[in-house]
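Coordinate analysis (summary)
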Amino acid sequence: MNYHESLAYLDSLGKFGIRLGMERIEGLLRELGNPEQQIKTIHVTGTNGKGSVSSMITNILLAANLKTGKFTSPHLVKYNERITINGQDIDDDSFADLLTIVKTAADSVVAKGVCEQPTQFEVLTAAAFLYFALENVDYAVIEVGMGGLWDSTNVITPIVSVITNVSLDHTDRCGKTVERIAMQKAGIIKENVPVVTAAEGDDALGPIKAVAMFKQAKLYIYGRAFWGTEVESSMEGQTFTLHAGEYYSSDYSIRLPGEHQIANTSVAIVAAKLVSKQDDRINELALHIGVANTVWPGRLERIAQAPDVILDGAHNPAGAAALRKALDKYYPEGKRIFVLGMMGDKDMTGVISRLIRPMDIVYTVKADDGARAAAAEELAGLVGVQALAMSRLADAYEAAVSRADSDSVVCICGSLYLVGNFKNLLLNVKAGCH
């Protein structure tokens, strides 16, 4: 297959086809020679923050001059973003070659009756493992797609497991309560493999502690074993002090704004320090350089100033609360104008109630062209009288900017699919396409 044929193949597997169970990914990887067993991995799950934590761990390993792969999801603009080595997206030809190999293996296991057709995410997961094994990476940072226990990435035995946090999201797949979701995420914990988490509250921590104890996996909890305290903070970034009991205290500077990023960065550093116990190439300098180098698109990402324009994929109540907290901190006085688009199966009311104030201006749009996306009119009805439904994202953005003055903030948010579509829109404008 060439690159366009490989994309067509992925699309044919169904953009949102999700089926629980491990038999398909296990059968597919066996057919490929179990590439996931040939690489050292760090496994990252969590309701929010797993992308930025994965990115920071990756950058720490890169700062230590280690060849590092990273597998994340979803992508913002292009599938290639999901599979990277040393910070570079996989190129189109390599992507097509991998997908051709994986498709052949998938067709084979289906023909043999080993399992049903692997899903799109399972095919991408297998492609990532194969790529990292063929390229002989030192480490691969593997981000869970959804949940943990039944996720197709959960075939690895990592050096360290990370559970960033636990809150309500994907309740149709992972459970209706925080406790049930925590059980799913605790599913990535392996025998004698240390676990780092910033999960809070008994409902979230209870299942994680129980599974860690059962698996004899040492557990490091943010706020107890280690914690961060803010030194200074702005939209440009922040400095904080990381403490680990009486034994460790060091100041770190990061380019990611938002109080939640202090916890995320602390988790990433502690995870990397655990890896360093068996690899002394990961030193203190690499920790500082790695997190300082990290930027994470689509999360409190400022793309313009005066007025400030921010992109944030906040798609669940916890993400919305983190965004609101950041806006309150960095823009306490200015007018707030939102371009909001969400998936209809998300907790739309929960997001809106935590994010939008009565005086805010809101333009609602359909997040993307898929069937899952909520209609702009439905979203506007949930927001209330200050919302106006728009049929085109470009028009909504134009209207938002026209209502802004120099100290306003325009926020495009509610879904990573919306953020991706907005980035595509900007790319087309830059390319002169109208």
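Data block above holds the structure.
Notes on the structure follow. (Residues numbered from 1 in each chain as written. Predicted model: local features only at pLDDT ≥ 70, side-chain atom pairs only at ≥ 80, totals over all residues. Heavy atoms only, no water.)

Description of the nonpolar core
Of all hydrophobic cores here, the largest spans 40 residues; its most connected members are Ile42, Ile57 and Val196. Broken down by secondary-structure element, the contributors of at least two residues to this core are β1 (41-45), α3 (50-63), β5 (139-143), β6 (160-163), β10 (237-244), β11 (248-254), α9 (260-276) and α10 (284-292). Apart from the residues within four sequence positions on either side, Val196 is in contact with Val160, Ser161, Val162, Ile163, Tyr220, Phe226, Val267, Val270, Ala271 and Leu274. Ranked by size, the runner-up nonpolar core spans 38 residues in total, among them Ala126, Ala133, Ala140 and Ile142. (Core = buried A, V, L, I, M, F, W, Y, C linked by side-chain atoms within 4.5 Å. Buried < 20%, exposed > 50% of the residue type's maximum accessible area, 1.4 Å probe, protein only. Helix = DSSP H or I, 4+ residues; strand = E, 2+ residues; numbered from the N terminus. Contact = heavy atoms within 4.5 Å.)

So, the sheet that holds strand β8 (residues 219-221)
Within a beta sheet, neighbouring strands are joined by backbone hydrogen bonds and run either parallel or antiparallel to one another. Within the open sheet, the eight strands sit side by side as β4-β3-β2-β5-β1-β6-β7-β8. Their pairing is mixed. The two strands at the open ends of the sheet, each matched to only one other strand, are β4 (88-89) and β8. Each of β6, β7 (195-197) and β8 is contacted by helix α8 (residues 202-214), which is oriented at about 155° to β8, the strand it contacts most. (Pairing = 2+ DSSP bridges. Axes fitted to C-alpha atoms, helices over the stretch in contact; angles between N-to-C directions.)

Side note on the packing of aromatic side chains
Inspection of every chain in the model, using the stated rule, returns six aromatic pairs. The interplanar angle of 40° and the centroid separation of 6.2 Å between the aromatic rings of Tyr131 and Phe132 together place this pair among those described as tilted. Phe132 shares its class with Tyr131; the two are buried. Aromatic pair Tyr397 and Phe422: ring centres 4.8 Å apart, planes at 75°, arrangement edge-to-face. In this pair, Tyr397 is assigned in helix α14 (residues 393-403) and Phe422 in helix α15 (residues 416-430), connecting sequence segments 25 residues apart. (Phe/Tyr/Trp six-rings, centres within 6.5 Å; stacked < 30°, edge-to-face > 60°.)

Description of the pattern of salt bridges
Using the criterion set out here, one finds 20 salt bridges in the structure. Arg302 serves as the salt-bridge partner of Glu236, at 2.3 Å between the closest nitrogen and oxygen. In this pair, Glu236 is assigned in the loop between β9 (227-234) and β10 and Arg302 in strand β12 (residues 301-304), connecting sequence segments 66 residues apart. Judged by relative accessible area, Glu236 falls into the exposed class, the value being 51%. What makes Arg302 partly exposed here is its relative accessible area of 26%. One network of salt bridges, in which partners are shared, links Glu23, Arg24, Glu116 and Glu122. (Salt bridge = Lys/Arg side-chain N within 4 Å of Asp/Glu carboxyl O.)

So, the packing of helix α12 (residues 348-355) against helix α13 (residues 376-383)
Where α12 meets α13, the closest approach of the two axes is 10 Å, and the angle between their N-to-C directions is 50°. When the interaxial angle is binned, α12 and α13 end up oblique. Between α12 and α13 lies a crossing whose hand is right-handed. Contacts from Met348, Thr349 and Ile352 of α12 reach α13 at Glu378, Leu379, Leu382 and Val383. (Parallel < 35°, antiparallel > 145°, perpendicular 65-115°, else oblique. Left-handed = near helix turned anticlockwise from the far one by under 90°.)

Looking at the environment of Gly414
Residue placement: Gly414 occurs in the loop between β17 (409-413) and α15. Among the residues examined, Gly414 registers a relative accessible area of 1% and is labelled buried.

As for the side chain of Gln120
Take Gln120: it is sitting in helix α5 (residues 120-134). On the basis of relative accessible area, Gln120 is assigned to the buried category, the value being 6%. In this structure the side chain of Gln120 is engaged in a polar contact, spanning 3.1 Å, whose partner is the side chain of Tyr79. (Polar contact = N/O pair within 3.5 Å; in protein donor to acceptor, adjacent residues only side chain to side chain.)

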